Amino acid sequence: MPTNVLTVDYLIIGAGATGMAFADVLVSESGSTMAIVDRNDAPGGHWTISYPFVRLHGPSNFYGVNSRPMPSDEGKGNLASRNEILDYYDRLMREVFLASGRVTYLPKHQVDETGPGHPATARAHSLVTGETTEIVVRKRVVDASYMNITVPAMGRSAFDVEDGATLIPINRLAELDRSPERFTVIGAGKTGIDACLWLLGRGIDPDRLTWIVPRDAWLINRDLEWQAGDIQPLLDLQACRSAGEVIGSLEEKRVIIRRDPDVEPSAFRCATVDTGELAQLRRIKNVVRLGRVLAVGATSVTLDEGTIPTTPETVHIDCTADGLTQKPLRPVFEDGAITLQPLLPCLLPPSAAIAARVECMDGDDEWRNDLCTPVLNPGASRDLLSFYSIRMERMARWSRSPDLFEWLVRSRFVTAIAGLERMGEPEAQGAAALLASHLEELLKTDGA
Ligand SMILES: Cc1cc2nc3c(=O)[nH]c(=O)nc-3n(C[C@H](O)[C@H](O)[C@H](O)COP(=O)(O)OP(=O)(O)OC[C@H]3O[C@@H](n4cnc5c(N)ncnc54)[C@H](O)[C@@H]3O)c2cc1C
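In short, a report on the structure. (Residues numbered from 1 in each chain as written. Predicted model: local features only at pLDDT ≥ 70, side-chain atom pairs only at ≥ 80, totals over all residues. Heavy atoms only, no water.)

**Description of the packing of helix α1 (residues 17-29) against helix α2 (residues 82-97)**
Right, so step 1: Across the interface, α1 lies against α2 with an axial gap of 12 Å and an inter-helix angle of 25°. Overall, the two elements α1 and α2 adopt an arrangement that is roughly parallel. Between α1 and α2 lies a crossing of left-handed hand. Facing A17, M20, A23, D24 and V27 of α1, the residues of α2 in contact are Y89, L92, M93, V96 and F97.
Right, so step 2: For the contact of α1 with α2, the class distribution of residues is nine nonpolar, no polar and one charged. (Axes fitted to C-alpha atoms, helices over the stretch in contact; angles between N-to-C directions. Helix = DSSP H or I, 4+ residues; strand = E, 2+ residues; numbered from the N terminus. Parallel < 35°, antiparallel > 145°, perpendicular 65-115°, else oblique. Left-handed = near helix turned anticlockwise from the far one by under 90°. Contact = heavy atoms within 4.5 Å. Nonpolar A, V, L, I, M, F, W, Y, C, P; charged D, E, K, R; others polar.)

Structure follows, in structure tokens:
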């Protein structure tokens, strides 16, 4: 097979939301050249294969890239649809990145290896022709695929499916051409919620629906997220004396909500609903809490803690996915490499844009890593404390770097970082730092 050779300043592996947000800042704010390589045929990462009715669940202005608003930025409750998201990234690639003359885009290419050295050499091959491209990288290899997100359409079900059972990925729900006897939704994250809301929205009687909920999770109340600039409800957490009190206070202020008033959630995965959606979800009464599914059979579903009956005519919908992975943390900036990870829990695109901005600023990697310490995405309900403490700590930290702070305040993502604009005031900065250390202290001392 012939080998092509390409020389660039940066190689960006992955044209998902993370890679696009990083590239956007480099294109707008540096004169660098770059290659963006992705296995998929279009930019947008998992959105290219997600179910047709998926939408952002957080506000659109927390998402996308810095240089360009998303089509639904201004509309309250107007969450960008999959088509809007894909169109946004497609246009960005064509109208901004490729038009700059500094970006080489290799769709349907897989990066197989990246070597060390200055310049480093990486190898990618076309998934269509098999041709290899050798990429000489003068500055850094940027891994925008490290978080390794999975969606059901990737077909990686974590359980067995026995003969006679009907299991479909959520993607096939919209393709149904007959009405089955019953539906069983497997999974209670954002994807499971979407499946339930879609079925209810299409008029299914909740009695024909079973929802397998491995763990109840706290949900972010989208009604309040639009008022993100108001951090007073968070600053009030300074008075709390235990992790439980913090969670109770957040619930009392309706910052977080639970699906079932009688069940204490043990998880928190940043899934977001509004109160109308919550009311819909509460119509589902057949909620199964027996842990994770191990096997789906024709007449029974086996779970960690028991079995439930089912029928061959029941359509089971696989909504198990990891859209918010917890990968081992590593430095974002290393010699010749950048590994993009969340700098704010759950907020990958703003995190990637911030890392790119810091890359464009003068300083060494120790200084860059100090501004860009990666964090884990949340998993358990206690992670609500770190979710808010990290936000406070980051605001205080970033406001001490005047160049970065000024950029952030002018950036499109300013509303995603609640209260950031107030961080120019020393009292607000002090209050944020104090709350961050208070919440961290509670996490250390309160094992509950
Ligand atoms: C259904 C769903 C809805 C979500 N909604 C929201 C939301 O509303 N708000 C929010 O903030 N977050 C949301 N998330 C979280 C989401 O994970 C991130 O927002 C973001 O889209 C992740 O993008 P990414 O670029 O990191 O990963 P991906 O979208 O997975 O992109 C990674 C890309 O890297 C490519 N790649 C990987 N390895 C290689 C290789 N070796 N060679 C070439 N290419 C490679 C892949 O093909 C892929 O295109 C959602 C997640 C899911 C699953």
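**Examining the packing of aromatic side chains**
Right, so step 1: Taken as a whole and judged by the stated rule, the model has six aromatic pairs.
Right, so step 2: With 5.0 Å between their ring centres and 50° between their planes, Y51 and F53 make a pair best called tilted.
Right, so step 3: Of the residues examined, Y51 reaches a relative accessible area of 4% and is grouped as buried.
Right, so step 4: Measuring from ring centre to ring centre gives 5.2 Å for Y88 and Y89, while their planes differ by 70°; the resulting arrangement is edge-to-face.
Right, so step 5: Residue Y88 is classed as buried on the basis of its relative accessible area, which comes to 4%.
Right, so step 6: An aromatic cluster is defined as three or more aromatic residues linked by ring pairs; in this entry it consists of Y51, F53 and W198.
Right, so step 7: Directly above the aromatic system of Y146 lies the positively charged group of K327, at a separation of 4.3 Å from the ring centroid.
Right, so step 8: In this structure, R368 packs its charged tip against the face of F333, placed 6.0 Å from the ring centre. (Phe/Tyr/Trp six-rings, centres within 6.5 Å; stacked < 30°, edge-to-face > 60°. Buried < 20%, exposed > 50% of the residue type's maximum accessible area, 1.4 Å probe, protein only. Lys NZ or Arg CZ within 6 Å of the ring centre and 35° of its normal.)

**Description of the side chain of S249**
Right, so step 1: As for its position among the elements, S249 is in helix α6 (residues 243-252).
Right, so step 2: Beyond its immediate stretch of four places on either side in the chain, S249 contacts L237 and C240.

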